[in-house]
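Spelled out, the chains give:
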Amino acid sequence: MPGELSPCERLLRACRGEPVDRPPVWLMRQAGRYLPEYRRAREGLSFLELCRDVERAVEVSLQPLRLVGTEAVILFSDIFVPVVGMGVELDFRPGPVVAEPIRRREQVEALRVPDPRDSVPFVLEILRRLRRELAADEVPLLGFAGAPFTLAAYLVEGRRAKDFEAVRRLVQRDAELLRELMERLAELVTGYLRAQVEAGAQVVQLFDTWAGLLDREAYREWVLPVHQRIAKGLDRDRAPLILYVKDGAHLVDLMAESGADVVSLDWRADLGAAARAVGRRVSLQGNLDPCALAAEPARIAAAVRGLAQAGRAARGHVLNLGHGCLPDTPVEGVRAFTAAARALGPAR
Ligand code: CP3
């Protein structure tokens, strides 16, 4: 077993299934409205303006390190930021709202797949600056993108909709249109993640939040090949890939075939059962219920120890939530979560 690891080595090793002293810890949506310091930095700016403001986005990305003791930094942005460069008009209220939902072939054909260096230079600059800031303490930097199905779900529906029925109907009625839309998005996402790694991201996470709405057969036909294509387009020896699906417990063994290094579980999945289902193919990330951060610190610590224990059955384990921090997540609860993770003894 290795001695004291740097946060960067600990995360990279856990992703690759190499021995670690204890599981690394970070939180999805660790920067955001639950932090008063975030709300102050965001004052006077729309969410998209904040994403484009390099100085402030760097500041907001770094806030969780100092304020809540996380062991990794994730780029502050949103999965819809690169989609604006395709020529889609959208706004955040607070979730993404698309001005003209995509339902017709001409709309799909009109979508551009721009070079990220031209369309989102600010994202790459934020990453370069973060990497420089984090180098001294060897804190790892994560990049991310939304996956084609989840992006398509919003683009077709126009906004978050219960169970995204329009996109699920499209699977049945005009599969060709959906396929073309997903292909363009896959091209966008692959180029975007490659550029992020080039700019300094050491791990990248693909968010396919809504793919869990699909049954196994539809996932296998519609989504798995797209995940595989994206994974193949990345240099995973350079930056491991994490794949997150919300409510995806029924898909875990299929997700292990995606080419991702880590499968990120939502809070409903049983970590031990997932470890048995995926074997040595992938590491696992997760998966405390974000609402469990409202508990007393002692209860949060016990939950962390329980997760770490279950995670021993996996090839590697990254401690995280089962979904993002929520606007009313108590800051104290987040601190208790990271403190309990840091207090864990040798994991294996
Ligand atoms: O994890 C991080 O800290 C990095 C930043 C990040 C954001 N969104 C910031 C954000 C990441 C990784 C995302 C991913 C994202 N965005 C997903 C996939 C993961 C998930 O959470 O399901 C999805 C589906 C979106 C789309 C989106 N953007 C929604 C649904 C919302 C509204 C969320 C809410 O809190 O009501 C957004 C806006 C958004 N993205 C905010 C933040 C901090 C809130 C913006 C604000 O008003 O300040």
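Now for a description of the structure that goes with this document.

Definitions and cut-offs
Residues numbered from 1 in each chain as written. Predicted model: local features only at pLDDT ≥ 70, side-chain atom pairs only at ≥ 80, totals over all residues. Heavy atoms only, no water. Pairing = 2+ DSSP bridges. Helix = DSSP H or I, 4+ residues; strand = E, 2+ residues; numbered from the N terminus. Phe/Tyr/Trp six-rings, centres within 6.5 Å; stacked < 30°, edge-to-face > 60°. Buried < 20%, exposed > 50% of the residue type's maximum accessible area, 1.4 Å probe, protein only. Lys NZ or Arg CZ within 6 Å of the ring centre and 35° of its normal. Near = heavy atom within 4 Å. Polar contact = N/O pair within 3.5 Å; in protein donor to acceptor, adjacent residues only side chain to side chain. Areas by Shrake-Rupley, 256 points an atom, 1.4 Å probe, with all protein chains shown as cover. Nonpolar A, V, L, I, M, F, W, Y, C, P; charged D, E, K, R; others polar. Contact = heavy atoms within 4.5 Å.

The parallel open sheet is built from seven strands, whose spatial order is S1-S4-S5-S6-S7-S8-S9. Edge positions in the sheet fall to strand S1 (73-74) and strand S9 (317-321), since each has one partner strand and no second.

Bringing the packing of aromatic side chains into the picture now. On inspection of all chains with the given rule, the structure shows eight aromatic pairs. Summarising the aromatic geometry, the rings of Tyr38 and Phe76 are spaced 5.6 Å apart at their centres and angled 50° between planes, so their arrangement reads as tilted. Of the two residues, Tyr38 sits in helix H2 (residues 36-42) while Phe76 sits in the loop between S1 and helix H5 (81-84), which places them 38 residues apart along the sequence. Assessed through its relative accessible area of 7%, Phe76 is described here as buried. Taken together through their ring pairs, the aromatic side chains of Tyr38, Phe47, Phe76 and Phe92 make up a single cluster. The side chain of Arg179 reaches across the aromatic face of Trp222, ending 4.4 Å from its centre. Across the ring face of Trp267, the terminal group of Arg268 is positioned such that the distance to the ring centre comes to 4.2 Å.

Near the ligand, the surroundings consist of 23 residues, among which Arg29, Arg33, Tyr38, Arg42 and Asp78 are the closest. Between the ligand and Arg29, the relevant distance is 2.6 Å, taken from an oxygen atom to a main-chain nitrogen or oxygen of the residue. Gln30 has a polar backbone atom sitting 3.2 Å from an oxygen atom of the ligand. Calculation on the ligand without its partners gives an accessible area of 880 Å², and the protein chains cover 90% of this total. Of the residues belonging to the shell around the ligand, the class tally is 14 nonpolar, five polar and four charged.

Residue position: Val262 is located in strand S7 (residues 262-264). In this structure Val262 comes out as buried when scored by relative accessible area, which is 0%. Those residues within four positions of Val262 in sequence are excluded, and the remaining contacts are Cys15, Leu241, Ile242, Leu243, Ser283, Leu284 and Gln285.

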